[in-house]
Number of protein chains: 2
Amino acid sequence: MNALDHLIEALRRLPGVGQKSAQRMAYHLLQHDRAGADALARALQEAARHVRHCERCHTFSETALCKICQDTKRDARLLCVVESPADQAAMERTASYHGYYFVLQGRLSPLDGISTREIGVAPLLERATDGQVEEVILATSFTAEGEATAHVLAEALKARGLRSTRLARGVPVGSELEYVDLGTIAHALVDRRPS
Amino acid sequence: MNALDHLIEALRRLPGVGQKSAQRMAYHLLQHDRAGADALARALQEAARHVRHCERCHTFSETALCKICQDTKRDARLLCVVESPADQAAMERTASYHGYYFVLQGRLSPLDGISTREIGVAPLLERATDGQVEEVILATSFTAEGEATAHVLAEALKARGLRSTRLARGVPVGSELEYVDLGTIAHALVDRRPS
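Every value quoted in this text rests on a predicted model; they were computed, and no experiment measured them.

### Quick word on the interface of chain A and chain B
Item 1. On the chain B side, the residues contacting the 46 residues of chain A number 46 residues.
Item 2. Of the roughly 4,100 Å² buried between chain A and chain B, counting both surfaces, carbon and sulfur atoms make up 66%.
Item 3. Salt-bridge contacts for Arg13 of chain B lead to Asp33 of chain A; the nearest nitrogen and oxygen are separated by 2.8 Å.
Item 4. Across the chain A-chain B interface, the total number found is 11 residue pairs in polar contact (both at pLDDT 80 or more).
Item 5. Breaking the side of chain A that touches chain B down by element, the ones donating at least two residues are helix H1 (3-12), helix H2 (19-32), helix H3 (34-50), strand S1 (52-53) and helix H5 (85-93) of chain A.
Item 6. Ranked by residue count, the leading element in the side of chain A that touches chain B is H3 of chain A, at 14 residues.
Item 7. When the residues that make up the side of chain A that touches chain B are grouped by side-chain class, the tally is 27 nonpolar, 11 polar and 8 charged.

So, in C-alpha cells, the structure goes:
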C-alpha cells in the first residue's frame, strides 16, 4: 500500500468520514494545502502528547487539575455528571451552571461490553462522597443507554445517602408543538409546571 | 490557545469539516482512539514527504513517472485531460479507457485568479504534441468553469492541429426521465444517436 492509500485509510478512522470523504480530504491536502497537512500532523502529535484527563473530574486537561476544578468560586455543593468532554462543553456554553463536573467515559452499554467499570462509576462515587457535594445532577443523554446509566447512578448515589436529580425533559425551546415527537410531548405533559 | 483547540482548528482545514465536526473528531481521537491520532499524524507526514506529481501526467505519484505513464501497453494515441487526480481515479474505475492521462491543476476560474498558467495548460500542450497523441479527450467537469476550460483547451489544441473530443452529455444511467433536470434532457436530445 502506498503513502496516499495509507493517508486515506488513516482519515477514514475519523468519526463520520467514509471512503469518499477520506479520499477528498487526502487529495485536497496533497493538491492544495500541504501546509494544512503539516499543521494537522503536528497538532495531532501535540494534542496526543499534552492532553490528558483532569485528576478530579476526568475531562480533557493539559494540567493535573482542569481550569474548572481549579476554580474555587464554583458551588461545591453541585456536581454535574456528563458522558463526555463534549457534553461538558455544551453545558458550559449555556453559562447557567456554576457547580463542578464529573465526566464519565461514555455511557453504559452492556451489549458492547461497556459496564460501570469502563465508564468510571467508582471514581464518580468517590468524588461525590467528598462531604461537600449535596446534589448530583445526572446530565447523561436522553437515549435508552443514557437513561439506563442515569438510573444505575441514581441508585448507587441513593445507597450512599446522596440526592441526585435529572435534567428536565420537555419541548425544545423554539419548536412548534406540531413538529415535536409524541414521546417528548408526553414527557412534557407529565412534567408540567405551574406557569 | 491550548493543544486541544489547536487540533480542532487544524481539523477544520479539511474540506467539508466545520466547527462541530472538528470538535467531535478531536474528542473522539483523544478519548477513544489515540492510536488513530498517531497513525493519522504519521500518514500525513509520510504522504507529504513521498507523494509528488508524475513528471509526465502530473497526477499523484511516489515515483518520477506514475504507474499509468510507465505502462507501455496503453494506447499512446489517446490522451484524456481531467481536472484532478480524483477525476482520474473515477475514470480508471470505469475500466473502459486505455489511453494515457493529463491531470490539470483544477479548472479555469478567472474570478478567483486561476488562469491557463495556474492549471498548467502549457505542459499539457507540450505533452499532447509528442507526435503520438492523435486525440485529446477533454474530461473536465460539466460546470460553467469546466466547460470554459474545455473550450479554451479545444481552441489551443486545434491551433496545433490536434483533434479534441468531449465526454458525451446525456441522461445518467439508471435515472427516470421525470426526475432528470431539463438542461440535461435538452442536451441528450441534441446529442441523440441512432438506436
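### Examining the nonpolar core
Item 1. Core analysis: the largest hydrophobic core is formed by 45 residues, its most contacted members being Leu7, Leu14 and Leu44 of chain A together with Leu7, Leu11 and Leu44 of chain B.
Item 2. Of all the secondary structure elements, the ones that give two or more residues to this core are H1, H2 and H3 of chain A together with helix H1 (3-12), helix H2 (19-32) and helix H3 (34-50) of chain B.
Item 3. Dropping the residues within four chain positions of it, Leu44 of chain B is found in contact with Leu7, Leu29, Ala37, Leu40, Ala41 and Leu44 of chain A.

Scoring rules and cut-offs
Residues numbered from 1 in each chain as written. Chains lettered and ligands numbered in written order. Predicted model: local features only at pLDDT ≥ 70, side-chain atom pairs only at ≥ 80, totals over all residues. Heavy atoms only, no water. Contact = heavy atoms within 4.5 Å. Buried area = accessible area lost by both parts, 1.4 Å probe. Salt bridge = Lys/Arg side-chain N within 4 Å of Asp/Glu carboxyl O. Polar contact = N/O pair within 3.5 Å; in protein donor to acceptor, adjacent residues only side chain to side chain. Helix = DSSP H or I, 4+ residues; strand = E, 2+ residues; numbered from the N terminus. Nonpolar A, V, L, I, M, F, W, Y, C, P; charged D, E, K, R; others polar. Core = buried A, V, L, I, M, F, W, Y, C linked by side-chain atoms within 4.5 Å. Buried < 20%, exposed > 50% of the residue type's maximum accessible area, 1.4 Å probe, protein only.

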